Amino acid sequence: MDKNEKYKENNKETIDNNIDPTPQGEDTNNENIVGEEALDEKSELEQKLAEAAEKIATLEDKYLRQVAEFDNYRKRTMKEKAELIKNGGERAIESILPVLDDFERALLTMEKSENAAEIRVGVELIYNKFVAILKQNGLQKIETEGKDFDTDYHEAIAMVPTPDESQKGKVLDCIQTGYILNDKVIRHAKVAVGE
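Cut-offs used in this document
- Residues numbered from 1 in each chain as written.
- Predicted model: local features only at pLDDT ≥ 70, side-chain atom pairs only at ≥ 80, totals over all residues.
- Heavy atoms only, no water.
- Pairing = 2+ DSSP bridges.
- Helix = DSSP H or I, 4+ residues; strand = E, 2+ residues; numbered from the N terminus.
- Contact = heavy atoms within 4.5 Å.
- Expected span 1.5 Å × (residues − 1).
- Phe/Tyr/Trp six-rings, centres within 6.5 Å; stacked < 30°, edge-to-face > 60°.
- Buried < 20%, exposed > 50% of the residue type's maximum accessible area, 1.4 Å probe, protein only.
- Axes fitted to C-alpha atoms, helices over the stretch in contact; angles between N-to-C directions.
- Parallel < 35°, antiparallel > 145°, perpendicular 65-115°, else oblique.
- Salt bridge = Lys/Arg side-chain N within 4 Å of Asp/Glu carboxyl O.

Caption draft 1: Quick peek at the pairing of strand β5 (residues 184-187). As paired strands, strand β4 (residues 179-181) and β5 are joined by three bridges and run antiparallel to one another. In the strand pairing of β5, Ile180 is matched with Val185.

Next up, the structure:
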């Protein structure tokens, strides 16, 4: 190592401290401006971060509230559905109760009366009232007389030979009446079909 190099190395710290880093004629506030810009940018980023954290907290709160609200809705609808299943027939039963009352009165009258014609008229009135109540509740009788056989509404339990070609594939006799409740077949009509 050379003497000059040793000298430079030993005195490097002294030389560095004595050198003016800013060239002549340049504004010394430049460093301050850059530092202030960095501080402004940092505070702006911190403000944005705080706003984002606040927004996240708000959205998280909103999410938790909606989850709780949906859970309450689900529980309420399950409870209502269970209650509907339990008490679903209540309206239908309430509408049938007057018919039950009429049958009880008819039975009492049958014990006292000997006239079968009057009893028959009374029972027919009760029957008609009962059918009307069932219609009000959406029940309809499946008409079979003279109709073409339709597997959507009829169940063939017998095939009857017919001499008349026009009777083939038609319902000849209804063994058991079928019913439709609110456009849904709840019992197919059992019929005899011509072949």
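And the narrative resumes.
Caption draft 2: The arrangement of the environment of Leu139 in detail. Topologically, Leu139 is positioned in strand β1 (residues 139-141). For the pair Leu139 and Ile180, spaced 41 residues apart in sequence, the C-alpha to C-alpha distance is 5.7 Å. Leave out the neighbours within four places in its chain, and Leu139 touches Leu134, Tyr179, Ile180, Leu181 and Ile186.

Caption draft 3: Structural detail: helix α4 (residues 116-136). Under the 1.5 Å per step criterion, the end-to-end length of α4 is 30 Å for 21 residues, consistent within 8% with the ideal 30 Å. Of the residues one or two after α4, Gly138 is the one with positive phi, at around 95°.

Caption draft 4: Summary view of the packing of aromatic side chains. Summed over all chains, the structure comprises one aromatic pair. Arranged with centres 6.3 Å apart and planes meeting at 40°, the rings of Phe70 and Tyr73 form a pair that is tilted. Within this pair, Phe70 and its partner Tyr73 are both found in helix α2 (residues 29-87), separated by three residues, close to a single helical turn.

Caption draft 5: Region of interest: unusual backbone geometry. For Asn182, which is not glycine, the phi torsion reads 50° and is therefore positive. Along the polypeptide, Asn182 turns up in the loop between β4 and β5. With relative accessibility at 57%, the residue Asn182 sits in the exposed group.

Caption draft 6: Local environment of the packing of helix α3 (residues 90-112) against α4. Packing of α3 against α4 leaves a shortest axis separation of 9 Å and a crossing angle of 175°. Classified by the angle their axes make, α3 and α4 are roughly antiparallel. Contacts from Ser95, Ile96, Pro98, Val99, Asp102, Phe103, Ala106 and Met110 in α3 reach Ile119, Val123, Ile126, Lys129, Phe130 and Ile133 in α4.

Caption draft 7: Molecular detail of the pattern of salt bridges. The final tally for this structure, using the stated rule, is nine salt bridges. Of the charged contacts, one joins Asp61 and Arg65 as a salt bridge, the two residues approaching to 3.0 Å between their closest N and O atoms. Highlighted residues: Asp61 and Arg65, both in helix α2, separated by four residues, approximately one helical turn. Judged by its relative accessible area of 56%, Arg65 is exposed. The salt bridge partner of Glu165 is Lys168, with a shortest N-O separation of 3.1 Å. Since its relative accessible area comes to 56%, Glu165 is described here as exposed. Classification of Lys168 as partly exposed rests on a relative accessible area of 41%. Connected via shared salt-bridge partners are Asp71, Arg74 and Lys75.

Honestly, that's just the spatial picture; any functional story needs more than this.
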